[in-house]
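Here is what each chain is made of, one letter per residue.
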Amino acid sequence: MNLDKYRREHADIIHHVQELKRLTGQGIAEQAAAIAREVIAMSSVIKLHLSVEDRFLYPALQQAGAALAAKGRQYQEEMADIAAQYGRFSRQWNDAQRIAEQPEGFRADANRVLKVLFDRIGRENREFYPMIEAG
């Protein structure tokens, strides 16, 4: 199975996370409009990525051997919670005015949610995708 598209999307998501870090370093209230745009842009990539995984990757893994099918189910179930956390984050923080009015709330949520997302992408790249390719 060719996972290049998934890896490119992961790289795109990581780029958005890094851009959010850069913008917050310049001042959350001062960069609120750019931060909101970045959250919206990242959300589009994440939604597309999750949709493609759910429509193609995970169903294909269910047709693979038992170990890959089980690992695919595990990753899909874990991602449901992460996706819900990110969905709440993106709905809360896609508005520049809200970000400017609550900079520390944004910072706390971003640190928590984006770390979970970043860690998950790392695990997929290091563990899950190589397992799929080897299977």
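The present account deals with the structure reproduced in this document.

**Some thoughts on the environment of Leu3**
Working step 1: By the secondary structure assignment, Leu3 is in the segment before helix 1 (4-25).
Working step 2: Since its relative accessible area comes to 0%, Leu3 is described here as buried.
Working step 3: When the C-alpha positions of Leu3 and Tyr129 are compared, they lie 7.1 Å apart, and in sequence the two are 126 residues distant.
Working step 4: Discounting residues that sit within four places of it in the chain, Leu3 has contacts with Leu57, Tyr129, Ile132 and Glu133.

**Some details on the packing of aromatic side chains**
Working step 1: In total, this model carries six aromatic pairs according to the counting rule given.
Working step 2: Between Tyr75 and Phe128 the ring centres are 4.0 Å apart and the planes differ by 5°, which places this aromatic pair in the stacked class. Of the two residues, Tyr75 sits in helix 3 (residues 66-92) while Phe128 sits in helix 5 (residues 103-134), which places them 53 residues apart along the sequence.
Working step 3: A relative accessible area of 2% means that Tyr75 is categorised as buried.
Working step 4: The interplanar angle of 35° and the centroid separation of 6.1 Å between the aromatic rings of Phe128 and Tyr129 together place this pair among those described as tilted. Here Phe128 matches Tyr129 in class, with each residue buried.
Working step 5: Above the face of the Phe118 ring, Lys21 is positioned so that its terminal group lies 5.8 Å from the ring centre.

Analysis parameters
- Residues numbered from 1 in each chain as written.
- Predicted model: local features only at pLDDT ≥ 70, side-chain atom pairs only at ≥ 80, totals over all residues.
- Heavy atoms only, no water.
- Helix = DSSP H or I, 4+ residues; strand = E, 2+ residues; numbered from the N terminus.
- Buried < 20%, exposed > 50% of the residue type's maximum accessible area, 1.4 Å probe, protein only.
- Contact = heavy atoms within 4.5 Å.
- Phe/Tyr/Trp six-rings, centres within 6.5 Å; stacked < 30°, edge-to-face > 60°.
- Lys NZ or Arg CZ within 6 Å of the ring centre and 35° of its normal.

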